[in-house]
Amino acid sequence: MTLTSPADPTVSVVARVRESLRAAQIDPQRDPDRASQIARSEVRRHNDFALARGERTLDDEAHHVRDILAQLSGFGPLQAYLDDPEVEELWINAPDRIFVVPLALTDTAVRDLVERMLHATGRRVDLSQPFVDASLPDGSRLHVVIPDITRRHWVVNIRKFLPRYRTLDDLVVAGSVTAADADLLAIAMREGRSILVSGATHAGKTTLLAALIAACAPSQRIVTVEETFELAVDAPDLVALQGRQPSLEGGGEVTLRRLVKEALRMRPDRLVIGEVRDAEALDLVLALNTGVPGAATIHANSAADALRKLCSLPLLAGRNIDSGFVVPAVAASVDLVVHCQRDATGRRRVTEIVEPTGLEDGVIRTRPAPRPERQPLMRSRDR
């Protein structure tokens, strides 16, 4: 798939559809059925005239209608891949190097697509702010870096969160979690235990965290805190919060630390932090020690490394915080650490689940978490 050229008849059809939508005051995102009718009508109109004049017709009507609507309300030539459930991630290193799809764009097309993606997010990317993270309407994560941070081209990464892996059951079927581990984690979430999900980049941490949230009891009030919306979860009583970048004047920033404090005022039964990477770790540990169950992800190479890192990150909050306070607090508040790994074949799976057993010489000791002997909870498909 490539961008249309001036000789491509879809250019004129897109223009007519756009004019018709504008005249009828129809937003294609809010009224997709009506927009589809107009696009189909214009394609047929073009074909009628083209046949009479011996010009090129648009033979695959359904394909061209989808392409036109993607250009008007979606993300142009990328939309087909964003809609494809088999495509998990897209990245653009250069307009003619898009992995791993047979697609070539232009610098202008890439910039236009990014601007369209950012339009509804309230976020921006420019010389003063050359990086941006944002969430697309379907929950996918967008990350963009522009020159002169990059050598020449805009670099774009879109990471999709596929709906087929939204529950622990789904992960069992995919081979990412064993049935026994899924039962253990489901029971832990329902009983209000605090869980830390660790792993390297792209190891499946966020996917697992979303599945854990889905395993919570329906009566639990859940508040999620993220830099950008990625979890894309639903629950009967759920509030999702995301941070905000500073304005052009440098004000208005909302940090994760501020969000955690605000979340605690919402009387959560469970506090969820999408990723702990900085001083917000202190606020998480403080919340856990006040009796609020939590769940979060953290970058680490093992479950033990995750605990060490969670003990170190709060020290970034200020000089008056020391390990003498943090380490016992972490040992007392984290119930389970679930470590995820991604192997050379791309398969993601849970490799260990441990529980802290206490302190020994200032180090948090752990043991493999015992699997439940009771009857398994009803899985999501049975509820």
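Scroll up to find the structure.
Per chain, the residues get numbers from 1 upward, laid out in the order the sequence is written. Per-residue local features are limited, in this predicted model, to residues with pLDDT of at least 70; the limit for side-chain atom pairs, both in listing and counting, is 80 or more; totals at the level of whole chains, interfaces and linings are taken over all residues. Side-chain calculation: all heavy atoms of the structure are included, whereas hydrogens and water are not.

## Here's the deal with the side chain of Gln220
Next, step 1: Within the secondary structure, Gln220 is located in the loop between helix H8 (205-214) and strand E7 (222-226).
Next, step 2: Relative accessibility decides the category of a residue: with a 1.4 Å probe and only protein chains considered, values under 20% of the type maximum give buried, values over 50% give exposed, and everything between is partly exposed. Residue classification places Gln220 among the buried positions, given a relative accessible area of 10%.
Next, step 3: Beyond its immediate chain neighbours, meaning those up to four positions away, Gln220 contacts Met189, Arg190, Gly192, Asp237, Asp269 and Arg270. Runs of H or I in DSSP of at least four residues are treated as helices and runs of E of at least two as strands, each being numbered from the N terminus. We call two residues in contact whenever any of their non-hydrogen atoms come within 4.5 Å of each other.

## Quick notes on the side chain of Gln129
Next, step 1: Positionally, Gln129 belongs in the loop between helix H5 (107-118) and strand E3 (131-135).
Next, step 2: Not counting residues within four places of it along the chain, the set of residues in contact with Gln129 comprises Arg124 and Gln245.

## Here we look at the nonpolar core
Next, step 1: Of all hydrophobic cores here, the largest spans 37 residues; its most connected members are Leu310 and Val330.
Next, step 2: Tallying contributions element by element places helix H10 (residues 280-288) first for this core, with 6 residues.
Next, step 3: What Leu310 contacts, discounting residues up to four positions off in sequence, is Leu196, Val276, Ala281, Val285, Ile298, Val326, Val330 and Val334.
Next, step 4: Nonpolar cores are built from buried Ala, Val, Leu, Ile, Met, Phe, Trp, Tyr and Cys residues. Side-chain atoms within 4.5 Å join them into one set. If you look at the next biggest cluster of nonpolar residues, it comprises 31 residues, including Leu184, Ala211, Val272 and Val350.

## With respect to the pattern of salt bridges
Next, step 1: The salt bridge definition used is simple: a Lys or Arg side-chain nitrogen within 4 Å of an Asp or Glu carboxyl oxygen. Summed over all chains, the structure comprises 19 salt bridges.
Next, step 2: Across the pair Arg124 and Asp126 runs a salt bridge, and its minimum N-O distance is 3.1 Å.
Next, step 3: Here Asp126 falls in the partly exposed class, since its relative accessible area comes to 22%.
Next, step 4: For the salt bridge of Arg371 with Asp181, the shortest nitrogen-to-oxygen distance reads 2.6 Å. One end of the pair, Arg371, is in the segment after strand E13 (363-368); the other, Asp181, is in helix H7 (residues 179-190), with 190 residues separating them in the sequence.

## Let's talk about H8
Next, step 1: Among the 10 residues in H8, 8 count as buried, and that is most of the element.
Next, step 2: Among the residues making up H8, those that are buried are Lys205, Thr206, Leu208, Leu209, Ala210, Ala211, Leu212 and Ile213.

## Details of helix H1 (residues 10-24)
Next, step 1: Under the 1.5 Å per step criterion, the end-to-end length of H1 is 21 Å for 15 residues, consistent within 8% with the ideal 21 Å.
Next, step 2: For H1, the full list of buried residues reads Thr10, Val13, Val14, Val17 and Leu21. The arc enclosing the buried residues of H1, seen along the axis, measures out at 100°, which places them on a common side. For H1, the exposed residues set more than 90 degrees away from the buried face come down to Glu19, Arg22 and Ala23.
Next, step 3: Buried residues belonging to H1 abut helix H2 (32-53) and helix H3 (61-73).
Next, step 4: A positive backbone phi angle near 55° is found at Gln25, which sits one or two residues after H1. In a helix, the anticipated span is given by 1.5 Å times the number of residues less one. Along the arc lie the directions from the helix axis toward the C-beta atoms.

## Some words on unusual backbone geometry
Next, step 1: A cis geometry characterises the amide bond from Phe99 onward to Val100, with omega recorded as -5°.
Next, step 2: By the element assignment, Val100 lies in the loop between strand E2 (97-99) and H5.
Next, step 3: Of the consecutive residues Pro147 and Asp148, the connecting peptide bond is found in the cis state with omega at 10°.
Next, step 4: Along the chain, Asp148 turns up in the loop between strand E4 (141-145) and strand E5 (155-159).
Next, step 5: Here Arg267, not a glycine, exhibits a phi torsion of approximately 55°, which is positive.
Next, step 6: Here Arg267 is to be found in the loop between helix H9 (256-264) and strand E9 (270-273).
Next, step 7: With relative accessibility at 56%, the residue Arg267 sits in the exposed group.

Read these as geometric descriptors, not functional statements.
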